[in-house]
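Observations on the three-dimensional arrangement
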Amino acid sequence: EEFVGSKTTVRFVNRLHFGFQERPSETVLQQVTTPEALKQFVQLKKETPAQRLFMVSPEFHGHVSKHLARPPTNGLYGIMFAL
């Protein structure tokens, strides 16, 4: 925490941790890469409309992963998003 801070402002979340956030002030960017995940995302938005939850475009997922041999990590998504 000495170098990176003690709170998360923007959190990339995959389907294993769907909609997870530690604080209401966090913005959650949810990876949605399947039709089932889209349905789950829509349902969660209906249930928690005040949550700062946004879907990561499937096009962004494709952009990040098109040259990789395996699926990208959330850390790589964060780096690509920052660039």
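So, here is what we can say about the structure in this document.

The rules behind the values
Residues numbered from 1 in each chain as written. Predicted model: local features only at pLDDT ≥ 70, side-chain atom pairs only at ≥ 80, totals over all residues. Heavy atoms only, no water. Helix = DSSP H or I, 4+ residues; strand = E, 2+ residues; numbered from the N terminus. Buried < 20%, exposed > 50% of the residue type's maximum accessible area, 1.4 Å probe, protein only. Contact = heavy atoms within 4.5 Å. Areas by Shrake-Rupley, 256 points an atom, 1.4 Å probe, with all protein chains shown as cover. Core = buried A, V, L, I, M, F, W, Y, C linked by side-chain atoms within 4.5 Å. Phe/Tyr/Trp six-rings, centres within 6.5 Å; stacked < 30°, edge-to-face > 60°. Lys NZ or Arg CZ within 6 Å of the ring centre and 35° of its normal.

1. Side note on the overall build of the protein
Secondary structure assignment for the protein yields three helices and three strands. Its helices and strands in sequence order give the protein the pattern β-β-α-β-α-α, from N to C terminus. In terms of principal-axis extent, the alpha carbons of the protein reach across some 40 × 35 × 20 Å. Scored against the burial criterion, the 83 residues of the protein give a buried share of 28%. Counted over contacts in the protein with a minimum sequence separation of 6, partners at least 24 positions apart contribute 36%. Looking at the protein as shown, the accessible area adds up to about 6,200 Å², and 58% of this sits on carbon and sulfur atoms.

2. Describing the nonpolar core
One finds Val 13, Phe 18, Val 28, Val 32, Ala 37, Phe 41, Leu 44 and Leu 53 forming the largest nonpolar core, which totals eight residues. The contact partners of Phe 18, leaving out residues within four places of it in the chain, are Val 13, Gln 30, Ala 37, Gln 40, Phe 41 and Leu 44. In this structure, Leu 29, Val 56, Phe 60 and Tyr 77 belong to the second largest nonpolar core, which totals six residues.

3. A few points about the packing of aromatic side chains
Across all of its chains, the model carries four aromatic pairs by this definition. Consider the rings of Phe 12 and Phe 81, whose centres lie 5.4 Å apart with planes at 75 degrees: the pair is edge-to-face. In this pair, Phe 12 is assigned in strand β1 (residues 10-13) and Phe 81 in helix α3 (residues 74-82), connecting sequence segments 69 residues apart. Assessed through its relative accessible area of 12%, Phe 12 is described here as buried. Ring geometry for Phe 60 versus Phe 81: centroids 6.3 Å apart, planes at 90 degrees, classification edge-to-face. Linking Phe 60 in helix α2 (residues 58-65) with Phe 81 in helix α3, this pair joins segments that are 21 residues apart in sequence. Among the aromatic residues, those joined into a cluster by ring pairs are Phe 12, Phe 60, Tyr 77 and Phe 81. In this arrangement the basic side chain of Lys 45 is found over the ring face of Phe 54, its NZ or CZ atom lying 5.5 Å from the centre.

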